[in-house]
Amino acid sequence: MFSSDNITIEGLRVHNLKNLDLEIPRNKFVVITGVSGSGKSSLAFDTLYKEGQRRYLETFSAYARQFIGNYDRPDVDFIEGLSPVISIEQKTVSKNPRSTVGTVTEIYDFLRLLYARVGKPHSYITGKPMTSFTEEQIISKIYNDFNDKKILILAPVVQSRKGNYRDLFEQIFRRGYLKARVDGEILDLDHGLHVDRYKTHDIEVVVDRISLNNDKLKRLKTSLTEALSLSKGQVFIIEHESQNIKKYSKNLMCSESGISYSYPEPNNFSFNSPYGSCNTCKGLGNTWNIDLNKVISDKTLSIKDGAIIPLGKFKDTVMFKQIKALLSKFGAEMSTPFDQIPEEAKEIVFDGTNGSTIEVYLNMGSDYGVYYDLEFEGICTMIKRHASAPQGSLKKWAKEFLSERVCNECNGERLKKESLSFLIDNKNISEVSKMNIHTLNLWINDIEKKLNKRDTEIVRDLLPEIKKRISFLNNIGLNYLDLNRPAKTLSGGESQRIRIASQIASQLTGVLYILDEPTIGLHPVDNKRLIDSLRKLVDMGNSVIVVEHDRDVMESSDHILDIGPGAGSHGGEIIANESTKNFIKKSVSLSKSLLS
Ligand SMILES: [Zn+2]
């Protein structure tokens with residue numbers, strides 16, 4: 001893009017900078033140093049970074065710019081040779097609870113692709129591998145399994161789901177089918193057939209019954225195609241005599257339990273997608289639940305004396321009257337210590353009558369009262385309702401009684417159990433994400449040996465991308481992290497190095513990277529790793545400018561720009577702008593002359 005080897009700046013007057021003319025070499029590792037307040041940041045960030053951003057924004061249309069806003073031109077006469085600028089700051093990458101080391105480095109996205117392509121499906125019920133067949137394979141299997149037998153061909157249309165299915169039965173009947181197998185029993189599809197809507201049901205349409213032999217092969221094919229299309233890919237065969245049932249599927253199926261999944265997409269492994277995330281915790285791994293320790297103050301207190309914190313002490317309210325009536329139904333009173341109230345009564349006080357009613361006696365005076373059917377919401381149900389409201393004054397109050405807990409549906413693994421049942425080398429994607437980078441690096445480099453020839457071919461372009469990204473993280477001193485680690489818990493230095501590793505992995509060239517004191521808070525061992533990674537960016541054809549005092553960084557650079565001599569109005573001048581070699585030679589002779 002630019003033929004020049006330098007960034008040329010003329011008439012630079014940003015902040016305290018004193019009308020400077022200077023050249024900074026491109027495609028080099030440059031350190032800008034100087035005392036605090038000398039004007040280092042004015043040059044690096046307020047001039048180079050800002051002008052780079054401004055020029056980038058200028059590439060947008062005027063229409064788009066009115067939404068993103070404009071940057072003011074820095075106070076400078078002329079800048080030439082500036083590349084696109086990226087600043088890598090020492091700040092936390094993301095506050096989003098859904099961001100992890102895996103997602104910000106994109107390694108998790110590549111792993112999702114890997115699992116979608118070559119993950120081996122297993123049944124979450126039996127743990128055994130799932131199987132799938134083509135239509136041709138299903139036909140020949142049925143023919144071999146049931147030759148000379150009388151069979152029923154069934155198309156499963158409902159599997160363990162609730163409903164009365166009146167409409168479904170009607171539809172099937174109108175399409176010309178006469179029988180269905182409902183919860184294991186063959187029924188005639190009469191008008192008005194329905195089942196208990198509150199129970200779970202299994203329903204299969206009886207597509208055909210035939211005595212299988214060579215003459216019937218064509219009919220078998222026709223009926224099978226019909227059954228597979230009715231059921232979206234599954235067929236059950238029952239042998240008439242033994243009543244043995246066999247299940248076949250074009251989808252992935254567990255031949256023992258009959259559960260079936262479709263072939264996965266990368267989305268099925270994303271905890272940020274409804275296709276992959278656990279239904280209970282929505283992919284967060286934790287849920288907020290009522291914490292009874294926060295609801296009950298002291299079990300030896302009575303409800304009257306304030307055992308239930310959200311209610312407080314007895315007041316003359318409807319709620320307390322209802323609770324009193326409930327307690328007396330179970331032989332307890334308002335003054336009964338909480339731990340002596342019968343469990344059944346406590347359950348209703350907490351969880352309510354769940355949509356139905358309970359008959360209670362309401363005492364209206366000393367000698368009379370009425371029986372009536374009470375519908376009670378329940379204290380915990382009420383708290384949950386307020387806590388999950390989008391907003392409202394009671395939301396904050398209700399959340400006081402909740403605690404965060406590991407999700408009991410996914411055990412904190414964030415994904416649906418189907419998604420966790422795809423394995424590579426006997427590990428699911430969550431187990432792989434929990435490995436530290438060091439172990440993960442070893443695992444991914446060994447994985448090809450464990451894949452068959454076909455799978456190796458499928459992931460040939462993908463594996464190098466994953467390996468590369470993991471090894472960058474490994475080499476930059478972050479081998480103790482795992483992909484599951486929430487990004488918001490990373491230190492500024494860790495975040496910065498992750499961003500550097502991502503930049504290296506993205507393999508951009510011709511970019512100017514600007515960093516502000518990247519060694520702050522770093523262990524000396526990691527200093528070296530940081531320097532190596534910056535050097536790598538330069539070797540790839542980029543420019544790196546670092547504002548830094550650290551001696552190691554300065555000595556490892558190609559070029560040093562010293563701004564000074566003092567701070568504020570006493571600074572803003574160029575003290576040195578030369579190769580690191582010359583700079584060090586001069587400093588050595590200077591300190592020698594000072595010593596002599
Ligand atoms: Zn969950």
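Everything below is about the structure printed above this text.
Here we summarise the structure given alongside this text. Throughout this document, residue positions are counted from 1 along each chain, in the order its sequence is written. Per-residue local features of the predicted model are confined to residues with pLDDT of at least 70, and side-chain atom pairs are confined, for both listing and counting, to 80 or more; whole-chain, interface and lining totals are unaffected and use all residues. Only heavy atoms go into the side-chain values, all of them from the structure, while hydrogens and water stay out.

## Describing the sheet that holds strand S5 (residues 85-88)
Inference 1: One open sheet accounts for six strands, arranged S5-S20-S21-S3-S22-S23; its pairing is mixed. Strands at the two margins of the open sheet, each flanked by one partner only, are S5 and strand S23 (573-579). Direction aside, neighbouring strands of the sheet carry axes that sit 20 degrees apart on average.
Inference 2: For strand S3 (residues 29-33) and strand S22 (residues 559-564), the ladder comprises four bridges, and the chain directions are parallel. Each bridged residue has a counterpart across the sheet, and for Thr33 the counterpart in S22 is Asp562.
Inference 3: Across the face of the sheet, helix H1 (residues 40-58) comes into contact with S3, S5, strand S20 (512-516), strand S21 (543-547) and S22 while running at roughly 130 degrees to S5.
Inference 4: Contact criterion: two residues are considered in contact whenever any of their non-hydrogen atoms come within 4.5 Å of each other. Only C-alpha atoms enter the line fits that serve as axes; for helices the fit covers just the stretch in contact. Angles between N-to-C directions range over 0 to 180 degrees. Secondary structure elements are taken from DSSP: a helix is a run of H or I of four residues or more, a strand is a run of E of two residues or more, and numbering for both begins at the N terminus. Against the sheet, helix H17 (residues 492-506) engages S5 and S20, with an angle of about 150 degrees to S5. DSSP bridges decide pairing: two strands pair if at least two such bridges lie between them.

## Quick notes on the coordination of the zinc ion
Inference 1: Each metal site lists N, O and S donors within 2.8 Å (3.2 Å for Na, K and Ca). With water left out of the atoms, a site can look as if it is missing ligands. At this site the zinc ion is bound by Cys278 (SG), Cys281 (SG), Cys407 (SG) and Cys410 (SG), with donor distances of 2.3 Å.
Inference 2: Relative to the metal, the four donor atoms surrounding the zinc ion lie at angles of 106 to 113 degrees, and the coordination shape comes out tetrahedral.
Inference 3: In terms of primary sequence, the donors binding the zinc ion are separated according to C-x2-C-x125-C-x2-C. A residue pair is termed long-range when its members are at least 10 positions apart, and Cys281 in the loop between strand S14 (260-261) and strand S15 (286-290) and Cys407 in the loop between strand S18 (402-406) and strand S19 (422-423) qualify at 126 residues.
Inference 4: Three labels apply to residues, based on accessible area from a 1.4 Å probe with only protein chains included: buried if under 20% of the type maximum, exposed if over 50%, partly exposed otherwise in between. On the basis of relative accessible area, Cys281 is assigned to the buried category, the value being 4%. Just to be clear on the cut-offs, tetrahedral is four donors with all angles between 85 and 135 degrees, square planar is four donors and octahedral six with opposite donors over 155 degrees apart and all others between 65 and 115, and anything else goes down as irregular.

## Points about the packing of aromatic side chains
Inference 1: Between 30 and 60 degrees the pair is tilted, below 30 it is stacked and above 60 it is edge-to-face, where a pair is any two Phe, Tyr or Trp rings, Trp via its six-membered ring, whose centres lie within 6.5 Å. Overall, the coordinates contain 10 aromatic pairs when judged by the stated rule.
Inference 2: Seen in terms of ring centroids, Tyr124 and Tyr261 are 5.9 Å apart; in terms of plane orientation they differ by 5 degrees. Their pairing is stacked. Here the residue Tyr124 occupies a position in the loop between strand S6 (120-121) and helix H5 (135-146), and Tyr261 occupies one in strand S14, the gap between them amounting to 137 residues.
Inference 3: When the ring of Tyr361 is compared with that of Tyr371, the centres are 4.9 Å apart and the planes differ by 55 degrees; the resulting orientation is tilted. Of this pair, Tyr361 sits in strand S16 (residues 358-363) while Tyr371 sits in strand S17 (residues 369-374), and the two are 10 residues apart along the sequence.
Inference 4: Grouping aromatic residues by their ring pairs yields a cluster made of Tyr115, Tyr124, Tyr261, Phe269 and Phe422.
Inference 5: The criterion is that NZ of a Lys, or CZ of an Arg, lies within 6 Å of the ring centre and within 35 degrees of the ring normal, and then a charge sits over that ring. Positioned over the ring face of Phe236 is Lys247, at 5.0 Å from the centre of the ring.
Inference 6: Sitting above the plane of the Phe271 ring, Arg414 keeps its charged end 4.3 Å from the centroid.

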